[in-house]
Amino acid sequence: MPLRKAFTLILCAVLTFYIFSGPVLLKQMKEDYKKSQEPVHKKTEWTGVITLWDYPHLDIRSGTRFSWIRSKIKQFEKQNPGIYFEFRELDLNEGPGFIKAAAKIGANPDIAPVGSDYFFVSGGYLEELDEHISFEDKADFIDSILETTVYNGKIYGIPWMMTGYTMLLNTDMLSERNVSLPEDGEWTYEQFVEALKQLTYDGVYGFNSFIEPGNYNAFGIIMCDGAQIIDDATGRYIFNTPEAVSGLAKLCDLKHKYKVTHPDFGVMNENQAWATFLNGKVAVCIGGSWTVPLLRNIQEKNEINFTTIGFPTGKSDIPLSLSSTLRSYSVFKQKDAAKRQVCIDFIKFITSGEAQKDLEGFGYFPVRKSGKHLYENDKEMYTIQQNLYFAEHIPKVKNWNEIDLILQTWIKEAVQGNKSPEQAVKEAEKLIERLRK
């Protein structure tokens, strides 16, 4: 009995303590929970200003071009007190040359999306990132995309997104002319031509696009016989083969032999060519993947119903194309090791697997294997994503911009009918070989 009585007294004392102290403990638990939901503020060895330059990315949902990166900057600054960003907006056309000029004189930013640009990757401007990327992270990136950031076995950038080109088709015009597409979404060049013939009538044309440096929409046709521009193994210019000539001839034939293109194909700029599709004057147009959400956004106003399909195949038997854009963020050489680490932490933050979900708002595609399901319920975007597996990336050569300018100029000459495909390929080769000596 004494033992039981003692136990009862202890139990009563414990209950009395919790009755009177319960509200205090409950308040403390609420405060602890609230703190656990707040962002973790990291203590860093370095504080100061980081310079960041970036290109616009049109968010179709908000109509803004720099809101994504600005929101990421704010999040990072909040989580890292004492760290601030000086942000500079780059122009898509002038930006690449501007960054290169700045890097040559040592006036470059701390961070920029240049990690897939061979000029920077091979030029000694960037920090090596291998030891800062985990094995699991490396394994999550699509191999061919991570490879664009590699030079001499070292990684110099972290990929964020990729884009590519697709054929956009006005489905109302297809239905009106009783043109059916292959059920499996794959068609040959001959099937493509026959469809365009049916879609060309009474001032309406089957096809239109544009040819400009830095834009590779027409290469989905030019490469259909298996042509390549640069040999990956040797770095040699090889757009001088029978496959290159026949591929370019296929593009020219659409205008001059089959007469299924808008009369100004090869003369129009991007906006003019795009307008012919929006105005219902053209049934098939080549556009970047980002045009899909843009078209959907303006669909009620323009009343365009559309779908996407891969490029036609020729002798290659696969829908080859040239990928337009890869964005990989890099850190320029830093003298301060602590600042270097903060810069690397930031580019890892904006390129994380979680951040890949943001790409849907731009019409961009994930560069990580874990993001492959982003568009599985989106027929048009999923079609483009599947065809991107056959897309070549921009060749890894230092003077690519100059090569591109020469090549596109002579392709345009051929399409306009000023040169034969054979002449255009030969003239381009002569100029490019002089450039590369």
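Bear in mind the structure is a predicted one, so any value in this text is a computation, not a measurement.

Definitions and cut-offs
- Residues numbered from 1 in each chain as written.
- Predicted model: local features only at pLDDT ≥ 70, side-chain atom pairs only at ≥ 80, totals over all residues.
- Heavy atoms only, no water.
- Helix = DSSP H or I, 4+ residues; strand = E, 2+ residues; numbered from the N terminus.
- Buried < 20%, exposed > 50% of the residue type's maximum accessible area, 1.4 Å probe, protein only.
- Contact = heavy atoms within 4.5 Å.
- Areas by Shrake-Rupley, 256 points an atom, 1.4 Å probe, with all protein chains shown as cover.
- Phe/Tyr/Trp six-rings, centres within 6.5 Å; stacked < 30°, edge-to-face > 60°.
- Pairing = 2+ DSSP bridges.
- Axes fitted to C-alpha atoms, helices over the stretch in contact; angles between N-to-C directions.
- Core = buried A, V, L, I, M, F, W, Y, C linked by side-chain atoms within 4.5 Å.
- Polar contact = N/O pair within 3.5 Å; in protein donor to acceptor, adjacent residues only side chain to side chain.
- Salt bridge = Lys/Arg side-chain N within 4 Å of Asp/Glu carboxyl O.
- Patch = residues over 30% accessible without salt bridge, like charges linked within 9 Å, V, L, I, M, F, W, Y side chains within 5 Å.
- pLDDT = per-residue confidence, 0-100.

Draft legend 1. Representation of the overall build of the protein chain. A tally of helices and strands in the protein chain yields 17 helices and 13 strands. Residue burial in the protein chain is summarised as follows: out of 437 residues, 49% are buried. Sequence-distant contacts in the protein chain: of pairs separated by 6 or more residues, those separated by 24 or more amount to 75%. Of the accessible surface of the protein chain, which amounts to about 22300 Å², a share of 52% is contributed by carbon and sulfur atoms.

Draft legend 2. Structural detail: the packing of aromatic side chains. Inspection of the entire model under this criterion finds 26 aromatic pairs. Between F76 and F349, the aromatic rings sit 5.9 Å apart at their centres with planes inclined by 45 degrees, giving tilted as the arrangement. Within this pair, whereas F76 is found in helix α2 (residues 67-79), its partner F349 is found in helix α14 (residues 337-350), the two being separated by 273 residues in sequence. Among the residues examined, F349 registers a relative accessible area of 22% and is labelled partly exposed. For the ring pair W160 and F362, a centre distance of 6.0 Å and an interplane angle of 70 degrees mean the geometry is edge-to-face. You can see W160 sitting in strand β6 (residues 158-162) and its partner F362 sitting in the loop between α14 and α15 (379-387), a full 202 residues away along the chain. F362 shares its class with W160; the two are buried.

Draft legend 3. View of the sheet that holds strand β9 (residues 282-288). The mixed open sheet is built from 4 strands, whose spatial order is β8-β9-β7-β10. With partners counted over all chains shown, the strands left at the sheet margins are β8 (205-208) and β10 (306-309), one partner each. The sheet shows a mean angle of 25 degrees between the axes of neighbouring strands, taken without regard to direction. Where α15 meets the sheet, it contacts β7 (165-170) and β10, and its direction lies at approximately 15 degrees from that of β10.

Draft legend 4. Structural view of the nonpolar core. Grouped together as the largest cluster of nonpolar side chains are 56 residues, with contacts concentrated most on M167, F192, F207, L251 and L254. Taken together, the elements giving at least two residues each to this core come down to β7, α7 (171-176), α8 (189-198), α9 (219-222), α10 (242-256), β9, α16 (400-415) and α17 (421-435). Counting residues per element, this core draws most heavily on α16, at 8 residues. Aside from chain neighbours lying at most four places away, what touches L254 is Y189, F192, V193, L196, F207, I221, K259, V260 and T261. Listed in part, the 52 residues of the second largest apolar core include L146, L278, I304 and I350.

Draft legend 5. Summary view of the side chain of T149. Relative to the elements of secondary structure, T149 occurs in the loop between α6 (143-146) and β4 (150-151). T149 sits in the buried class, given a relative accessible area of 0%. A polar contact of 3.4 Å, which involves the side chain of T149, links it to the backbone oxygen of G157. If we ignore the near neighbours within four places in the chain, the residues touching T149 are G115, S116, V121, K154, I155, Y156, G157, P159 and S328.

Draft legend 6. Examining the pattern of salt bridges more closely. All told, the structure shown has 14 salt bridges when counted by the stated rule. Close ionic contact of R70 with E89 constitutes a salt bridge, the shortest N to O distance being 3.0 Å. With R70 in helix α2 and E89 in strand β2 (residues 83-89), this pair connects stretches of sequence that are 19 residues apart. Among the charged side chains, a salt-bridge network with shared partners connects D137, D140 and R368.

Draft legend 7. Representation of the environment of E402. With respect to the helices and strands, E402 occurs in helix α16. By relative accessible area, E402 is classed as partly exposed at 40%. The spacing of E402 and L435 is 33 residues in sequence and 8.1 Å in space, taken between C-alpha atoms.

Draft legend 8. Focus on a nonpolar patch on the surface. Together, I318, Y389 and F390 make up a nonpolar patch on the protein surface, roughly 290 Å² of accessible area in all. Within the element layout of this structure, I318 appears in the loop between β10 and β11 (321-322).

Draft legend 9. Quick look at the confidence of the model for the protein chain. Looking at the protein chain as a whole, the pLDDT averages 90, with 89% of positions reaching at least 70. Per-residue pLDDT stays below 50 along residues 37-41; that stretch engages in 6 contacts with residues further than four places along the chain or on separate chains.

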